[in-house]
Structures are given as structure tokens and as C-alpha cells.
Amino acid sequence: MLAFLPILGIALAYARLNRSEPNCGNGYTWVGRSIGPWPGFLTGWVVLVGNVIFMAYTGAVTGSVVLQFLNKLGARTAFGVPLDPNSAATSTVIGLAVLVVVTVTAVTGVRSATRLQFGLLVFEYAVLLVFCAWGLAAGDQPFSLTWFEPFRIGSATSLEQGLVLAVFLYWGWDAAFTVNEETRGAGDAARGGLIALTVMLALFVFAAVSFQRVMGDGELVRNGPQALTFLGTRLAPEPWASLPLAALMCSAFASLQAGVIPTARGALAMGRDRTLGPVWTRVSPRFGTPAVGTVLIMAIAAAVAVLALGIPKLNEMILAAVNSIGLVVSLYYGLTALACALRFRADLRAGWRAALTGVVVPAAAGLALFALGASLAWHYATMSDHFAARPDNGWFMLLVPGLILASGLVAAARAKWALRSPYFVTGRGTDAEALTLPGDRDRDRDDDGDPAAPPPEPAR
């Protein structure tokens, strides 16, 4: 609930910027124009790399959930290999197969991806709401308003860590703004992002209360990421107890899809500005999607997932990724919010409402995320006296975001001096209207799915 406040400010900044300049590169384009090309490029870069890391790690998580579901069905081995959900290697292999399926759905167009996403979400939300409502009614742990009292958090460090984790949990609502060139109007993307964000808040709070009604603190800690599955077994007999696990599997699949689509479109925006190579601008003539870039992103994510096997325990892989990505997400959210405040600073004289939503709230949200990231980075830098590849090692926690930023500076230098990108001259992204996705069947169809009527020929 605390993290929702700055994230809402970021969402308002995205909505305001999107009304002015819809672009599938969103933050990369907006920050480059309002603050400068170097921070703009870094915004696009951390989104691109952060999403690739997310997909690599979430692929392993998805594989683990699939293996848990197979174990529930009685499958313990396949081709002589144990189907162990705690095996990082087996989970990663299954996750790579899932990532291929997700990539195929992303390549075939936004409309087909949306239909699949809608089906997955309806199922998982229905299961989540039913079981959480059941837990709320049947739980034997006494409800307490202290669950919502921020002053009961043990320390400032715990608060910072929790906020960064929550920022990561909310991450994804901005995917709506990466398909704004494929929607009928800029307002649709903004509306979708804000609806997603508020629904997530409601679901998080509802589920948190239900979990605490059913489980004590010790049980929550022991079950960790399997808490939803544990909730199902506590409340219902089989086969109904397996429904939450099936919902979790659908959720992981949907999360991967929600990562692939915006990453490919962000790379498309950078490619058409020549800050990345031309390969990222290749659009499928059949589906009207950045198909080549989507496949490349899947391949890179698969390579990262294989490299991640160097960390032996899957839970350590998850925690390391969450902490690292939370820092870079805070960075690019903060930069985009400040870009909004700078671009629309004239709104300070346009009335209190425009000033609040266009300048004051985005600036406050961006600065809050900057302060959060800086404070947590300082904590990581001072918590360890040596390096070790473990999620409880502060230097390791700083290594991933440090490498992302350093590689971004190298890539920016290449774009400026080797590729001679005009983006570093003007700081402006390519006009979305001039270079939108060709062959956009998703946008060029009416509500019944039939091709829209062509516009009338202009009068001579």
C-alpha cells in the first residue's frame, strides 16, 4: 500500500506523456526529449535488459510451478529424469520451453496475445478470488488493523527492502504504454495502465489479508512462494486444492508474455532511431509485429537463464533477480516521472489540477523512487566486506544493476559515435505516426474483428 503511492504518481506521469506523444518507446523517447539523450537511452536500455533478466528468471519460476503441477498429477520422472521443482536445471529447461511458446504467441500479433492473456487472467483471478474469499471467511487467525500499520515495520532497512520488492511486484502495468501505437487511441493505453495498477493493489491487499487469516507469520515464512498452493491444500480437498497451483502456473505464463511484448516494442523504438541495430526494426509483413526482435529477445533471455544455473538454488536466483531489477525499475520510473514534470512545467500556471497531475505528483514520485534506490544501494554497498554470489551479499546485489548501467553507457557511446544516431543530436525519438508498425491488423480492424473500411479518398 505504501509503494502504491509513488507508483500511482509514475502512472499519472505516463498517462500525461502518452496523451502528448504516444510512442512504443515511451520512457526512452520521453526522457530523451525532456531531459537528454544519454539518460533517455539509459531509460530504454535498463527496460530492455531488465525485462530480459526478468524473463530469464521468471522462465525458471514458471518451470518450477509446472513441475509442481506435474507432481500433483502423479508424474515424478520423465525419460528417467526426476521432475524436481527445486532443481534449478530442470526448472530452467521447462521454463525455456514455455518461453518458446510465449514468443510464438507474441509474434503472431497483439490481438491473439490479448485473447490468450484474457483467458489466463479470467481463470487465475477467479481462482484467486474464490480461495481468498474462502480463506477470509474460514481462517482462524484473528484479524488485526496492525497489519496495515507501517510503524510496526522493524527497521528503515526492512521498509526500504519491502518497498523495492513492492515496486517489482507492481512492475508490468506500464506494458500497456508499449502497445499505444497499436491501439485505437492514446487514451486507451493510459486507461489500461491505470486500471491494471488499481486492480493489482486491490488483489494484493485482499490476498494479503486472506493469507494472514489462514496462516500465522511462521507458516507464511516457511511456505514462502508456495503460500498460494499451501492455502489451497489447507482449505480444500483434492482435486480442488490443485486449482491455486494451476492459477499460479497461468499467472507465470501470463507474466512472461507481458514481458516479451513490451521489450520487443521498446527495442523497435530504439532500432528505428538507430540507437540499436536495424535488425530490431524488422516487422513481420504477415502479423505486423517486430517478429525478429521478439525472437532475439527470447534467445537472449534463454542464454541468461542457462548462465543463471551458476547460482545453485532457485530461490536464491529469484531473490537476487528481484532485488536487482527493483533498483533499475526505480531508476527508469523516476527518470520518466521527472521528464513529465520538466516537459509540462508550464502546467504550474494552468490551474491546481493540471499542476498537481502533470508536475507536482510526478516530480514527488520520481524523487521518492530515486531516494529509495539510493538509500538501498548505500545499504547494499556497506552490508558486506567481500564479494560472494549470494542474495545476502550486498556487493552481489549491486553488481547486476551496475553492469546494466555500465553496459548501457557503452551501448550509448556506440550509438552516438559509431552508428551516428540522430537521437543523440536532437534527443527526440522517431515520430510514431511516421514509422508505426506496418500491416497493423490489430488496430486496423473493427470491433467484430473484420477489416476496417478504408478512409474515403480525399477530395481533389
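Details of the structure are given in the entry above.
Right, let's walk through the structure included here. (Residues numbered from 1 in each chain as written. Predicted model: local features only at pLDDT ≥ 70, side-chain atom pairs only at ≥ 80, totals over all residues. Heavy atoms only, no water.)

Broken down by element type, the protein chain carries 15 helices and 2 strands. Counting all 460 residues of the protein chain, 50% fall into the buried class. At a minimum sequence separation of 6, the contacts of the protein chain that also span at least 24 residues come to 76%. Of the roughly 21200 Å² of accessible surface on the protein chain, a fraction of 67% belongs to carbon and sulfur atoms. (Helix = DSSP H or I, 4+ residues; strand = E, 2+ residues; numbered from the N terminus. Buried < 20%, exposed > 50% of the residue type's maximum accessible area, 1.4 Å probe, protein only. Contact = heavy atoms within 4.5 Å. Areas by Shrake-Rupley, 256 points an atom, 1.4 Å probe, with all protein chains shown as cover.)

Let's shift gears to the packing of helix α5 (residues 110–138) against helix α9 (residues 227–235). Closest axis-to-axis distance for the α5/α9 pair is 10 Å, and the angle between their directions is 60°. Relative to α9, the element α5 lies oblique. The way α5 lies across α9 gives a crossing that is left-handed. In this structure, α5 contributes L128, F131, W134, G135 and A138 to the contact, and α9 contributes L228, L231, G232 and L235. A per-class count over the contact of α5 with α9 returns 7 nonpolar, 2 polar and no charged. (Axes fitted to C-alpha atoms, helices over the stretch in contact; angles between N-to-C directions. Parallel < 35°, antiparallel > 145°, perpendicular 65-115°, else oblique. Left-handed = near helix turned anticlockwise from the far one by under 90°. Nonpolar A, V, L, I, M, F, W, Y, C, P; charged D, E, K, R; others polar.)

The next thing to look at is the pattern of salt bridges. Inspection of the entire model under this criterion finds 6 salt bridges. Linking E219 and R234 is a salt bridge whose minimum nitrogen-to-oxygen distance equals 2.4 Å. Note that E219 is positioned in helix α8 (residues 217–223) and R234 in helix α9, a separation of 15 residues in sequence. Each of E21, R33 and R343 takes part in a single network of salt bridges with overlapping partners. (Salt bridge = Lys/Arg side-chain N within 4 Å of Asp/Glu carboxyl O.)

Structurally, T336 is set in helix α12 (residues 314–343). Residues in contact with T336, not counting those within four places in the same chain, are Y14, L17, G27, W30, V31 and T43.

Let's shift gears to the environment of S407. Note that S407 resides in helix α14 (residues 394–418). Counting along the chain gives 362 residues from S407 to W45, while the straight-line C-alpha distance between them is 8.8 Å. Among the polar contacts made by the side chain of S407, one reaches the main-chain carbonyl oxygen of I404 at a distance of 2.9 Å. (Polar contact = N/O pair within 3.5 Å; in protein donor to acceptor, adjacent residues only side chain to side chain.)

Below, the discussion takes up helix α4 (residues 88–107). Taking 1.5 Å per residue as the helical rise, α4 with its 20 residues ought to reach 28 Å, and the 28 Å between its terminal C-alpha atoms agrees with that figure. What α4 keeps buried is the set A88, T90, S91, T92, G95, V98, L99, V102, T103, T105, A106 and V107. Two residues or fewer past α4, G109 is found with a positive phi of approximately 120°. (Expected span 1.5 Å × (residues − 1).)

This part is about the nonpolar core. With 82 residues, the main nonpolar core has F41, M55, Y170, W173 and Y333 as its most contacted residues. If near-sequence neighbours (up to four positions away) are discounted, Y170 is found in contact with A3, F4, I7, L197, M200, L201 and F204. Core analysis: the next-biggest nonpolar cluster, separate from the first, contains 15 residues, C132, L203, A227 and L235 among them. (Core = buried A, V, L, I, M, F, W, Y, C linked by side-chain atoms within 4.5 Å.)

With that settled, the discussion passes to the side chain of S210. Residue position: S210 is located in helix α7 (residues 186–214). Residue S210 is classed as buried on the basis of its relative accessible area, which comes to 0%. Looking at S210, its side chain comes within polar contact range of the main-chain oxygen of C132, at 2.8 Å. If sequence neighbours within four positions are ignored, S210 has contacts with F131, C132, G135 and L136.

Before going further, it helps to spend a moment on the packing of aromatic side chains. Counting across every chain of the model gives 22 aromatic pairs. Here F41 and W45 contribute two aromatic rings whose centre-to-centre distance is 5.9 Å and whose plane-to-plane angle is 15°, an arrangement assigned as stacked. Here the residue F41 and the residue W45 both occupy positions in helix α3 (residues 37–72), the gap between them amounting to 4 residues, near one helical turn. Residue classification places F41 among the buried positions, given a relative accessible area of 0%. Pairwise contacts between aromatic rings join Y28, W38, F41, W45, W417, Y423 and F424 into one cluster. The ring of F344 carries R16 above its face, with NZ or CZ at 3.8 Å from the centroid. (Phe/Tyr/Trp six-rings, centres within 6.5 Å; stacked < 30°, edge-to-face > 60°. Lys NZ or Arg CZ within 6 Å of the ring centre and 35° of its normal.)

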